[in-house]
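# Examining the three-dimensional arrangement
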Amino acid sequence: MTFECIFATYIGPTIPIVAAVLLYFFGRMAYFRQKEFEMVTKRYLEDGLDVISRNVSETLASFMSNYCKGYSLLRHYKNIGKDLRPELYRNAFIEPERSHLSHWREYRLHDIVGDDIFFKANQSLYVFERKSYDFFQDDLGLFIKAVVEGGDKVSTKVSKDEAIEIYSKKIQELYVESTKYYALLGIIEELSAVIQTKRLAFGSIKKFRNTKEVDQLTKKLKKYFPELLDAKDLYPEFQCAKH
């Protein structure tokens, strides 16, 4: 029997079946790879890094709102004095949102980068937000309230102009301090952009943290927060997992 006969009799008829099996097999592999990619993207990017980025952005927006209101309050006090409307200083500032610091999302961020500097920087941001709010609401706000509502019965150790200068200086110091947190937001966005260019699987997460891009972004963030490199967590009840 010639090869042509063998091929026509035995091999040829099986080719469509083998092709169909291989197509099914590779199609199934591609399907599960795509599903894993979608799960990783949702877990670490959409439900993780993207939410952290949004929280940082909203925190900075709250600070900037309070910063502007603080300067506006001082300007009105300088121009109007004790005739200020109560709504300008009574609970006029945005209180920190506690839900902005999501510990479980920080674990996922740590999984990606393998370093706790991102979490420490996020902690530092929320401490800064609390500190700045306390200044605006309980220091500046209460000072203006005491001066306006206390009338002539309230006397201060400094003159009106001196008080305005002192509070203006403090507000400006807070603004300067806030700039490093805008750098934090930018670096988180850069990290998100890097992740979007990769087709990560669960097994490649630890490899991803060793890439040049992640290493550069981690080092870049540390330059903005050198005081945090050897610092313990600002919230001791939470410790990033060490891998």
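Residues numbered from 1 in each chain as written. Predicted model: local features only at pLDDT ≥ 70, side-chain atom pairs only at ≥ 80, totals over all residues. Heavy atoms only, no water.

### Structural notes on the overall build of the chain
- Of regular secondary structure, the chain possesses 7 helices and 0 strands.
- Split into buried and exposed, the 243 residues of the chain put 40% on the buried side.
- Residue pairs in contact within the chain that sit at least 24 positions apart in sequence constitute 85% of those at least 6 positions apart.
- A total accessible area of about 14400 Å² is found for the chain, and carbon and sulfur atoms account for 57% of it. (Helix = DSSP H or I, 4+ residues; strand = E, 2+ residues; numbered from the N terminus. Buried < 20%, exposed > 50% of the residue type's maximum accessible area, 1.4 Å probe, protein only. Contact = heavy atoms within 4.5 Å. Areas by Shrake-Rupley, 256 points an atom, 1.4 Å probe, with all protein chains shown as cover.)

### What about helix 7 (residues 212-224)?
- Compared with an ideal rise of 1.5 Å per residue, which puts 13 residues at 18 Å, helix 7 spans 19 Å between its outermost C-alpha atoms and is within 8% of the ideal.
- Listing the buried residues of helix 7 in full gives Val-214, Leu-217, Thr-218 and Leu-221. For helix 7, the angular spread of the buried residues around the axis is 100 degrees, confining them to a single face. Turned more than 90 degrees away from the buried face of helix 7, the exposed residues are Lys-212 and Lys-223.
- Elements in contact with the buried residues of helix 7: helix 3 (103-113), helix 4 (117-150), helix 5 (160-196) and helix 6 (205-208). (Expected span 1.5 Å × (residues − 1). Arc of directions from axis to C-beta.)

### Side note on the packing of helix 3 against helix 4
- Where helix 3 meets helix 4, the axes come as close as 8 Å, and the angle between the chain directions of the two elements is 145 degrees. Contacts between helix 3 and helix 4 involve His-103, Glu-106, Leu-109 and Val-113 on the former and, on the latter, Phe-118, Phe-119 and Asn-122.
- Looking at the contact of helix 3 with helix 4 residue by residue, the class counts come to 4 nonpolar, 2 polar and 1 charged. (Axes fitted to C-alpha atoms, helices over the stretch in contact; angles between N-to-C directions. Nonpolar A, V, L, I, M, F, W, Y, C, P; charged D, E, K, R; others polar.)

### Overview of the pattern of salt bridges
- Under the defined criterion, the tally for this structure stands at 10 salt bridges.
- Put simply, Lys-120 and Asp-116 hold a salt bridge, and the shortest N to O gap is 3.7 Å.
- Overall, Lys-120 belongs to the buried group, its relative accessible area being 7%.
- Note that Lys-131 is salt-bridged to Glu-177, the shortest N-O span being 3.0 Å. Here the residue Lys-131 occupies a position in helix 4, and Glu-177 occupies one in helix 5, the gap between them amounting to 46 residues.
- For Glu-177, a relative accessible area of 26% puts it in the partly exposed group. (Salt bridge = Lys/Arg side-chain N within 4 Å of Asp/Glu carboxyl O.)

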